[in-house]
Amino acid sequence: MSVGHGFHATMTAQPGKGDELVQLLLNAPSLPNKDCVVFLVSRSSGNRDVVHVTEGWVSREAHAMFFATQQAQALAARLQSLLAGESEYADAVPVGGKAAF
């Protein structure tokens, strides 16, 4: 399956809440969603409260349909309660590479 819509998000957790933010993201309901083909969580090596997420979806519409669900809205609300400010987003569509975990 190829990625037709994607983005990178950078989130800064409230001080000391980075681990909780990472755990929440690693249990996100988008992970088992068949239309979400890339979901990568990483964090800053210099500030453990700065967390990055890269998502790739089969289409913008698939992402919008998922985000409209109650599960996704509940996740977004929980995320907001952990954040120190607004997240930064940049659109991205992978064109190649490799991932091994």
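No experiment lies behind these values; they were computed from the predicted model shown.

Asker: I keep staring at helix α1 (residues 18-26) and nothing clicks. Help me out?
Answerer: Think of an α-helix as turning once every 3.6 residues; residues three or four places apart then point the same way. Within α1, burial applies to Gly18, Leu21, Val22 and Leu25. Seen from one end, α1 has its buried residues packed into an arc of 100°, which puts them on one side. Those residues of α1 that are buried lie in contact with β1 (5-12), β2 (36-43), β3 (50-57) and α3 (70-82).

Asker: What's the story with α3 in this structure? I'm lost.
Answerer: The end-to-end C-alpha distance of α3 is 19 Å, a good match for the 18 Å that 13 residues give at a rise of 1.5 Å each. The inward-facing, buried residues of α3 abut α1 and α2 (60-67).

Asker: Explain the nonpolar core here, please?
Answerer: The nonpolar side chains of soluble globular proteins are, as a tendency, buried together. Judged by nonpolar contacts, the single largest core of 21 residues is most densely connected at Met11, Leu21, Leu25, Phe39, Val41, Val51 and Val53. Mapped by element, the contributors of at least two residues to this core are β1, α1, β2, β3, α2 and α3. Counting residues per element, this core draws most heavily on α3, which supplies 4 residues. Sequence-distant contacts of Val53, defined by excluding residues within four places in its chain, comprise Phe7, His8, Ala9, Met11, Leu25, Phe39, Leu40 and Val41.

Asker: Would you take a moment to explain the pattern of salt bridges for this structure?
Answerer: If the charged atoms of two oppositely charged side chains come close together, the side chains can form a pair. Using the criterion set out here, one finds 5 salt bridges in the structure. With a closest N to O distance of 3.6 Å, Glu20 and Lys17 form a salt bridge. Residue Glu20 is classed as partly exposed on the basis of its relative accessible area of 31%. Between Glu20 and Arg78 there is a salt bridge, with its nearest N and O atoms 2.3 Å apart. Taken as a pair, Glu20 in helix α1 and Arg78 in helix α3 lie far apart in primary sequence, 58 residues in all. Judged by relative accessible area, Arg78 falls into the partly exposed class, the value being 35%.

About the thresholds
Residues numbered from 1 in each chain as written. Predicted model: local features only at pLDDT ≥ 70, side-chain atom pairs only at ≥ 80, totals over all residues. Heavy atoms only, no water. Buried < 20%, exposed > 50% of the residue type's maximum accessible area, 1.4 Å probe, protein only. Helix = DSSP H or I, 4+ residues; strand = E, 2+ residues; numbered from the N terminus. Arc of directions from axis to C-beta. Contact = heavy atoms within 4.5 Å. Expected span 1.5 Å × (residues − 1). Core = buried A, V, L, I, M, F, W, Y, C linked by side-chain atoms within 4.5 Å. Salt bridge = Lys/Arg side-chain N within 4 Å of Asp/Glu carboxyl O.

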